[in-house]
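Breakdown of the fold
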Amino acid sequence: MTATDTPRAQPPAPRPAYRDANVLRWLAAYAASMIGDGVYFLALGWAARQAAGPAQVGLVMAVGAVPRAVLMLGGGVIADRFGPRRVALGGDAVRCAVILGVAGALVAGSPGLWVLVAAALVFGAVDAVFMPAVGALPPRLTHRSQLARLQGMAQLAVRAGNITGPPLAGFAMGLGGPGAAFGLAGGLFAVSLALLLTVRLAPLRVDTEPPGHVDPAPGRRGALRDLGDGLHYVVRHPLIGRIVLAGTVCELAIAGPMNVGVVLLAAERGWGAGGTAWLVGAFGVGAAGAALVLAVAGRVPRTGAVMLLGMVLAAAAVAGIGLAPGLGWAVGAAGCAGLAGGTWGGLGRALVQTETAPAMLGRVSSVQLIGAIGVAPMSYPVFGLAAGVWGAGPVFAACACFSLVGLAIAGASSRVRRSELAL
C-alpha cells in the first residue's frame, strides 16, 4: 500500500455545546446579563415614576432606545475592530458601574430625573456596542456544526431573563425600593463580567470563510469605510443578504401584533388583562419550546427548507390569533406562532453565522439586530392606527400576509432552500 492509499484519519466528532464547559460559562454570563436587563428596565420605570410622573416614565424608557438603535451599526464595527470578547467585557464593566452608581444615588437620597435620563442614555449607547459583540461570539466558542444548538441555548437564556427578571426586580423593590433593584441589576452585570473573563475564544480560521467573500482586516481604513464594507458584504452575499432581509420583514410584520395587537385584541374581544397575559405567555412558551428543541437536536437536516416552513407556519398562526373564535383558540395559535417563529429565527441566525466571514461577524450581527430592535418597533403605531380603523383581528391577518413577503425573499433563492448548517 502506498502512502496515498493510506486512509485519512477522521477528525474527532465535535463536543456537544451543552457539554462544553467554556460554552456553558458563556451561556451563564449571557443569562446573568439578560436577567440583569429585565431587572434594570423595571427598576428604571419604577424609579422614574417616583421621581416624576406617568408622562415622564415613557420618556425615560424611550431615551435609552434611541442611542441603541442609532449606534447599533457602529457597534458592529467596534466589535470587529477590537474583538468581540474585549468589547463585551468593556460593555459589561461600564453597564455594571453605571447601574451601581445609580443604585448608590437612590440609596443616598432622591436624585433628580436627569440622573435616570443620563443613565438610560449611557446604558443604551453601551448596549449598541455590547449586543453586536455578544452576537459575534458564538462562532468563536464552538464548532460550526453546533451553532444551531448554541442559538437554542442562547434563546433559552433570553427567555429566562424575560421570565425571571421582572419578578426579581419586584422582590428587590419590595425589600429596599428602586435602589435595591438597581443594586441587584448591577450585581448581575458583575456576575456576567466575571464569567466572561473565564471564557476563551477559538482563533479565527480564515480557511473556513465562504469562497469569494474575503474581507480586508478591519481597522486598516476609516470606521465609515469599515461600516460600508459590512453593509456591502451583507447585501452582496447570496445567502446572508436574503436571510437578513427576510428576517427584518418578518420581524416588522410580527412585532406589531405580538407587542401591541394582543392588548388591543383582548380589549376588543372582552378578554381583559388576563387574556393579554395568556396570549403573551403562550407565545413565550412556544418560543422557549423552539429554543429547547434546537438546543437538544443540534443539527436540523435541510435547514433552509425547515426555516422557510417555520416562516409559513408563523404567518398562519399570527393570522389565526386575530381570526380565532375564542380565547382558547387564540392562545393555541399564539403558542404555535412562538414555536414556529422561534424555529425560523434560531435556524436563520445559525445559518447566517456559519456563512459569515470571521472578520465580519460583528457587523453582520449589528445588521441583524437593527432589524429586530431598530426597525420592528416602527410597526407599533402603524398597527395601532390600522386597528382603530378596521379592528385588531383583520390587521393580524394583514400582518401575516405581509410577512409572506419575507418568505418570498428568502424562498426565491435556491441556495437558501438547499442550505445546510456546516459540519
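These figures come from a predicted structure and were not determined experimentally.

**A closer look at the overall build of the chain**
Helix and strand content of the chain: 15 helices and zero strands. Here the chain displays about 18300 Å² of accessible surface, and carbon together with sulfur accounts for 70% of that area.

**A short note on the packing of helix H3 (residues 65-82) against helix H4 (residues 84-108)**
With their axes 6 Å apart at the nearest point, H3 and H4 run at an angle of 120 degrees to one another. Regarding the angle of H3 to H4, the classification is oblique. Contacts between H3 and H4 involve Ile78, Ala79 and Phe82 on the former and, on the latter, Pro84, Arg86 and Val87. By residue class, the composition of the contact of H3 with H4 is five nonpolar, no polar and one charged.

**Description of the nonpolar core**
Judged by nonpolar contacts, the single largest core of 58 residues is most densely connected at Met307 and Ile321. No other element matches the 11 residues that helix H11 (residues 327-355) contributes to this core. With residues near it in sequence (within four places) discarded, methionine 307 still touches Ile243, Trp344, Leu347, Gly348, Leu351 and Val416. In terms of nonpolar packing, the next biggest core, distinct from the first, is built from 26 residues, Leu44, Cys96, Leu116 and Ala120 among them.

**Notes on the confidence of the model for the chain**
The predicted model of the chain averages 82 in pLDDT, with 89% of residues at 70 or higher. Predicted confidence in the chain is weakest over helix H2 (residues 54-63), with a mean pLDDT of 68, and strongest over helix H10 (residues 303-323), with 92. Per-residue pLDDT stays below 50 along residues 1-11; that stretch engages in two contacts with residues further than four places along the chain or on separate chains. Note on residues 206-219: pLDDT under 50 across the span, and 28 contacts to partners over four residues away in sequence or across chains.

**Brief notes about the packing of helix H9 (residues 272-297) against H11**
Where H9 contacts H11, the axes come no closer than 7 Å and their chain directions differ by 35 degrees. Along this stretch, H9 crosses H11, giving a crossing that reads as right-handed. Along its contact with H9, which presents Gly275, Trp278, Leu279, Ala282, Phe283, Gly286, Ala287, Gly289, Ala290 and Leu294, the element H11 presents Leu327, Ala330, Val331, Ala334, Gly335, Ala337, Gly338, Leu339, Gly342, Thr343, Gly346 and Leu347.

**Looking at unusual backbone geometry**
One non-glycine residue with positive phi stands out, namely arginine 302, at about 50 degrees. Along the polypeptide, arginine 302 turns up in the loop between H9 and H10.

**Looking at the packing of aromatic side chains**
How two aromatic rings sit relative to each other is set out by the distance from centre to centre and by the angle between their planes. Scanning the entire structure with this criterion turns up seven aromatic pairs. Seen in terms of ring centroids, tyrosine 40 and phenylalanine 182 are 6.1 Å apart; in terms of plane orientation they differ by 80 degrees. Their pairing is edge-to-face. Within this pair, whereas tyrosine 40 is found in helix H1 (residues 21-51), its partner phenylalanine 182 is found in helix H6 (residues 147-197), the two being separated by 142 residues in sequence. An identical accessibility class is assigned to tyrosine 40 and phenylalanine 182; each is buried. Consider the rings of phenylalanine 383 and phenylalanine 396, whose centres lie 5.6 Å apart with planes at 90 degrees: the pair is edge-to-face. With a gap of 13 residues between them, phenylalanine 383 in helix H13 (residues 379-390) and phenylalanine 396 in helix H14 (residues 392-411) connect regions that are remote in the sequence.

**Some words on a nonpolar patch on the surface**
Residues Val66, Val70 and Leu71 make up a contiguous nonpolar surface patch of about 280 Å² in total accessible area. As for its position among the elements, leucine 71 is in helix H3.

**Quick notes on helix H8 (residues 240-269)**
End to end, H8 covers 41 Å across 30 residues, agreeing with the expected 44 Å (1.5 Å per residue, within 8%). The largest bend in H8 amounts to roughly 55 degrees and is located at glycine 261. Downstream of H8 by a residue or two, glycine 270 has a phi angle that is positive, lying close to 80 degrees.

**As for the environment of alanine 47**
Residue placement: alanine 47 occurs in helix H1. Residue classification places alanine 47 among the buried residues on the basis of a relative accessible area of 5%. Considering only alpha carbons, one finds alanine 47 and glycine 179, 132 residues apart in sequence, at a separation of 8.3 Å. Beyond its immediate sequence surroundings of up to four residues, alanine 47 is in contact with Leu116, Pro178 and Phe182.

**Here we look at the environment of cysteine 401**
Residue placement: cysteine 401 occurs in helix H14. Counting along the chain gives 85 residues from cysteine 401 to alanine 316, while the straight-line C-alpha distance between them is 8.6 Å.

**Description of helix H7 (residues 223-236)**
Its 14 residues place the ends of H7 20 Å apart at the C-alpha level, agreeing with the 20 Å of an ideal helix rising 1.5 Å per residue. Among the residues making up H7, those that are buried are Asp226, Asp229, Gly230, Tyr233 and Val234. Take H7 and look down its axis: the buried residues cluster within an arc of 130 degrees, on one side only. Turned more than 90 degrees away from the buried face of H7 sit Leu224 and Val235, all of them exposed.

So, how was this worked out
- The residue numbers shown here count from 1 along each chain, following its written sequence.
- Only residues with pLDDT of at least 70 get local features here, since the model is predicted, and only at 80 or more are side-chain atom pairs given and counted; chain-wide, interface and lining totals rely on the full set of residues.
- Note that water and hydrogens are dropped before the side-chain values are worked out from all heavy atoms of the structure.
- Under the DSSP-based scheme used, a helix requires at least four consecutive residues in state H or I and a strand at least two consecutive residues in state E, with every element numbered from the N terminus.
- For the accessible areas, the method is Shrake-Rupley and the probe is 1.4 Å, while residue cover comes only from the protein chains on display.
- Angles run from 0 to 180 degrees between N-to-C directions of axes, and those axes are lines fitted to C-alpha atoms, restricted for helices to the stretch in contact.
- When describing relative orientation, an angle under 35 degrees is termed roughly parallel and one over 145 degrees roughly antiparallel, while 65 to 115 degrees is termed roughly perpendicular and anything else oblique.
- Working rule for contacts: check all heavy atoms of both residues, and any pair within 4.5 Å makes them a contact.
- All amino acids are sorted into three groups, where Ala, Val, Leu, Ile, Met, Phe, Trp, Tyr, Cys and Pro are nonpolar, Asp, Glu, Lys and Arg are charged, and the leftover types, Gly among them, are polar.
- Residues belong to a common nonpolar core when they are buried Ala, Val, Leu, Ile, Met, Phe, Trp, Tyr or Cys residues joined through side-chain atoms within 4.5 Å.
- Only protein chains enter the accessibility calculation, which uses a 1.4 Å probe; a residue whose area is less than 20% of its type maximum is buried, one above 50% is exposed, and one in between is partly exposed.
- For every residue, the pLDDT score states the predictor's confidence, bounded by 0 at the bottom and 100 at the top.
- In this scheme the crossing of two helices becomes right-handed for a clockwise turn of the near helix relative to the far one and left-handed for an anticlockwise turn of less than a right angle.
- Stacked, edge-to-face and tilted labels apply to pairs of Phe, Tyr and Trp rings (six-membered ring for Trp) whose centres lie within 6.5 Å, assigned for plane angles under 30 degrees, over 60, and everything in between, in that order.
- Patch definition: residues above 30% relative accessible area lacking any salt bridge, with like charges linked at up to 9 Å and the nonpolar side chains Val, Leu, Ile, Met, Phe, Trp and Tyr linked at up to 5 Å.
- Criterion for a salt bridge: a side-chain nitrogen of Lys or Arg within 4 Å of a carboxyl oxygen of Asp or Glu.
- One less than the residue count of a helix, multiplied by 1.5 Å, gives the span that helix is expected to have.
- The quantity called bend is, for any residue, the angle between two axes fitted respectively to the seven residues ending at it and the seven beginning at it.
- As used here, the arc belongs to the directions running from the helix axis to the C-beta atoms.

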